[in-house]
Amino acid sequence: MQAKLSPEEYLERHGVTAYVKDMITVLLENRPDKPLEFISDYLANALQGNTPLMRACRYIRLTTRNRPAFMDNLTSAYTVLCR
């Protein structure tokens, strides 16, 4: 019975907590110019499911190339693709 779950339990049971934590972490690491558009894209990708290729592509698209986080994202994408 979901009505008896606390708000935290409900979010955890449905996997929302992990997505929100990851979304906020990636948002703050990259600080995109359009944060609401970034959040929308993030959630759309979460709904579609993620293959390693999709994750790698997302890592690269997150930031413009002149931002310090770009090289980190490129490294993350390479790591995902090499698994």
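Residues numbered from 1 in each chain as written. Predicted model: local features only at pLDDT ≥ 70, side-chain atom pairs only at ≥ 80, totals over all residues. Heavy atoms only, no water.

Chemist: Hey, could you run me through a nonpolar patch on the surface in this one?
Modeler: Residues Tyr10, Leu11, Val16, Val20, Ile24 and Leu28 make up a contiguous nonpolar surface patch of roughly 450 Å² in combined accessible area. Those elements that place two or more of their residues in the nonpolar patch are helix 1 (7-13) and helix 2 (16-30). When residues of the nonpolar patch are assigned to their parent elements, the largest contribution, four residues, is made by helix 2. Note on placement: Val16 falls in helix 2. Relative accessible area serves as the criterion here: at 33%, Val16 is assigned to the partly exposed category. (Patch = residues over 30% accessible without salt bridge, like charges linked within 9 Å, V, L, I, M, F, W, Y side chains within 5 Å. Areas by Shrake-Rupley, 256 points an atom, 1.4 Å probe, with all protein chains shown as cover. Salt bridge = Lys/Arg side-chain N within 4 Å of Asp/Glu carboxyl O. Helix = DSSP H or I, 4+ residues; strand = E, 2+ residues; numbered from the N terminus. Buried < 20%, exposed > 50% of the residue type's maximum accessible area, 1.4 Å probe, protein only.)

Chemist: What's the story with helix 3 (residues 35-48) in this structure? I'm lost.
Modeler: Residues three or four positions apart in an α-helix share a direction because the helix packs 3.6 residues into each turn. For helix 3, built from 14 residues, the straight-helix expectation of 20 Å at 1.5 Å per residue is met to within 8% by its first-to-last C-alpha distance of 20 Å. Regarding helix 3, the residues found buried are Phe38, Tyr42 and Asn45. Projected down its long axis, helix 3 carries its buried residues within an arc of 65°, all on one side. Counted as exposed and oriented over 90 degrees from the buried face of helix 3: Leu36, Leu47 and Gln48. (Expected span 1.5 Å × (residues − 1). Arc of directions from axis to C-beta.)

Chemist: Would you take a moment to explain the environment of Ala69 for this structure?
Modeler: Position of Ala69 relative to the elements: it lies in helix 5 (residues 69-82). Judged by relative accessible area, which is 11%, Ala69 ranks as buried. Separated by 40 residues in the primary sequence, Ala69 and Glu29 have C-alpha atoms spaced 6.9 Å apart.

Chemist: Would you mind going over the packing of helix 2 against helix 3 with me for this structure?
Modeler: Think of two packed helices as two axes; the pair is described by the angle between the axes and how far apart they sit. Relative to each other, helix 2 and helix 3 sit at 140°, their axes nearing to 11 Å. What the angle tells us is that helix 2 and helix 3 run oblique. Pair helix 2 / helix 3 crosses with right-handed handedness. The segment helix 2 lies against helix 3, with Tyr19, Asp22, Met23, Val26 and Leu27 engaging Pro35, Phe38, Ile39, Tyr42, Leu43 and Ala46. For the contact of helix 2 with helix 3, the class distribution of residues is ten nonpolar, no polar and one charged. (Axes fitted to C-alpha atoms, helices over the stretch in contact; angles between N-to-C directions. Parallel < 35°, antiparallel > 145°, perpendicular 65-115°, else oblique. Left-handed = near helix turned anticlockwise from the far one by under 90°. Contact = heavy atoms within 4.5 Å. Nonpolar A, V, L, I, M, F, W, Y, C, P; charged D, E, K, R; others polar.)

Chemist: How should the side chain of Asn30 be read in this particular structure?
Modeler: Within the secondary structure, Asn30 is located in helix 2. Judged by its relative accessible area of 3%, Asn30 is buried. A polar side-chain atom of Asn30 sits 2.8 Å from the main-chain carbonyl oxygen of Val26. (Polar contact = N/O pair within 3.5 Å; in protein donor to acceptor, adjacent residues only side chain to side chain.)

Chemist: Help me understand the confidence of the model for the protein, please; the structure alone is not making it clear to me.
Modeler: Where the model shows low pLDDT, its predicted coordinates should not be examined in detail. Mean pLDDT over the protein works out to 80, with 84% of the residues at or above the 70 mark. Mean pLDDT in the protein bottoms out at helix 4 (residues 52-61), which sits at 70, and peaks at helix 1, which reaches 90. (pLDDT = per-residue confidence, 0-100.)

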